[in-house]
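Residue-level structural notes
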Amino acid sequence: MVERIKVPSRRIRLKKINACGLTYFKNINIIVHMPQVKENKMGTMSVPLLIVNISLPMMISMMIQALYNIVDSALVGRINENALTALSLAFPLQNLMIAFGVGTAVGVNALLSTKLGQKKSEDVNKAAMNGLFLAFCNYIFFLLLSFFILRPYFVSSAKGVAQIVSYGEDYMHIVMKASFGLFGVVMLDRLLQATGRTFFTMISQISGALCNVVLDFCLIFGLGPFPKLGVAGAAIATVIGQCLSMVLSLVFNLAFNHDIQFKFRNFKPDFATIKQIYLVAIPTILFNGATSITTYLLQLILGIFSTTAIAVYGVYFKLNSFVFMPVFGLNSGLVPIIAYNYGACKKKRIFKSVHTGLLFALSIMGFGLLLFELIPGPLLRLFSATDEMLKIGIPAIRIIAPSFIGAAISITLSSVFQAFSSAVYSMIVAFMRQLVILLPVAYLLSLTGNIRNVWFSFLIAEVVSVTFSLFFYMRLRKNKIMPIQEV
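From a predicted model like this one, the values you see are computed outputs, not experimental measurements.

1. As for the environment of Glu 169
- Inspection of the secondary structure assignment puts Glu 169 in helix H5 (residues 162–177).
- The exposure class of Glu 169 is buried, given its relative accessible area of 14%.
- Separated by 18 residues in sequence, Glu 169 and Arg 151 place their C-alpha atoms 6.6 Å apart.

If you want it as structure tokens, here you go:
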């Protein structure tokens, strides 16, 4: 029988021996109760309801973001196919910025949620403030990069088409130089997510996306008093929408995020905290950044066939975001839930979170699979697709779509890796899938001279991704989850 007593924490030396951060004596049956702290809902609410409660607002905001991306490209496609191709070529650079922003924010999210579960409020505040500092550093890096990289990048990608180069430079100069809104909102939204206040992230994301769509119509085509700016107008609309989201997210954090105390005055970077953040962030950045490298090199492979093939690939990414973005929203909700319950040593809730998350992700991806198989033509026509685009795009979409089921498993398990600060597993899976399998197989299949064969490389790569994800999950389960002792 365990005897429970209360003792003042200052009068006794305690030894931490629990991996979750709980403190207790090793060889005697006494549990020391520290002063009670109100339990966050991530440790008490029914797991399926909790996942819906935290993830649904993010899934909705992600779907709005996906719809914005579709509308953005559809409107640019009305200019001409070269404009659409330029946006497709811009995607790897935009994704690289997102990789740095989201990767850093995931590191902050995992650390903050774990410290929140351990009731270490001072460490929670350090994680948040250093996260905002790192978001600013990311902006400065890409601001400087924009002065040197853009023209060489688009010249190498556009197959000598001067109009594509011009469109691409016009778009990315604006997006990169004003990317403070992107990095700011990504970090601020993750702080809200880490403490379970995802409703506010939905509001900030939806507001920014709607603003973006309205300004797209006005600035691309010159409606009313607005000038007709074409592709540059799409870029201006993008950054204004991001800035609006950032401002709203900042207000929500300061007004409603009471788990974090924002102390801007006399702030100094804490390098021990930054190191902990980047233990998760660097693998996550590399994991997401691998997509940029893969997309760029795949565009070079597809460029062997035509610039239309590049446009099809870009359109496919816009369309699949409608399916993938909700799963990424689910993933964002799972990370703080799992990390919190790891910090609180609640093993059963961890397993329940993983299993429920997988079920939700497979359901979403299954719907996407049916959609892509049944109506690929109408989906492509949203982007003013030419006959040549339809000829290439319809079989491409139908061939790639079955890979969605494997992606559901890999994405969900990547959230588990991030929550346990084992994001290096996600990085290895991404490298294996994209750089070791997808690119070489796509190149070899391109040598057949039939572009349809290239799309099968996505299916082959997804099989490898799922295999490695399951292997690493079983390893993490054995070494980190099963040893947890619920107290």
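2. Quick notes on the packing of H5 against helix H8 (residues 231–256)
- Running from N to C, H5 and H8 point in directions that differ by 20°, and their axes come no closer than 8 Å. Compared by their axis directions, H5 and H8 come out roughly parallel. For the crossing formed where H5 meets H8, the hand is right-handed. Residues Tyr 167, Tyr 171, Ile 174 and Val 175 of H5 form the contact with H8, whose own contacting residues are Val 231, Ala 232, Ala 234, Ala 235, Ile 236, Thr 238 and Val 239.

3. Concerning helix H14 (residues 403–419)
- In this model H14 runs 25 Å from its N-terminal to its C-terminal C-alpha over 17 residues, within 8% of the 24 Å that 1.5 Å per residue would give.
- Counting buried positions along H14 gives 15 out of 17 residues, so the element sits mostly inside the fold.
- Positioned one or two residues after H14, Ser 421 has a phi angle of 55°, which is positive.

4. Focus: the nonpolar core
- Core analysis: the largest hydrophobic core is formed by 138 residues, its most contacted members being Met 172 and Trp 455.
- In terms of residue count, helix H10 (residues 307–343) provides more of this core than any other element does, 20 residues in total.
- What Trp 455 contacts, discounting residues up to four positions off in sequence, is Leu 302, Tyr 313, Ile 392, Ala 396, Ile 399 and Ile 400.

About the cut-offs
Residues numbered from 1 in each chain as written. Predicted model: local features only at pLDDT ≥ 70, side-chain atom pairs only at ≥ 80, totals over all residues. Heavy atoms only, no water. Helix = DSSP H or I, 4+ residues; strand = E, 2+ residues; numbered from the N terminus. Buried < 20%, exposed > 50% of the residue type's maximum accessible area, 1.4 Å probe, protein only. Axes fitted to C-alpha atoms, helices over the stretch in contact; angles between N-to-C directions. Parallel < 35°, antiparallel > 145°, perpendicular 65-115°, else oblique. Left-handed = near helix turned anticlockwise from the far one by under 90°. Contact = heavy atoms within 4.5 Å. Expected span 1.5 Å × (residues − 1). Core = buried A, V, L, I, M, F, W, Y, C linked by side-chain atoms within 4.5 Å.

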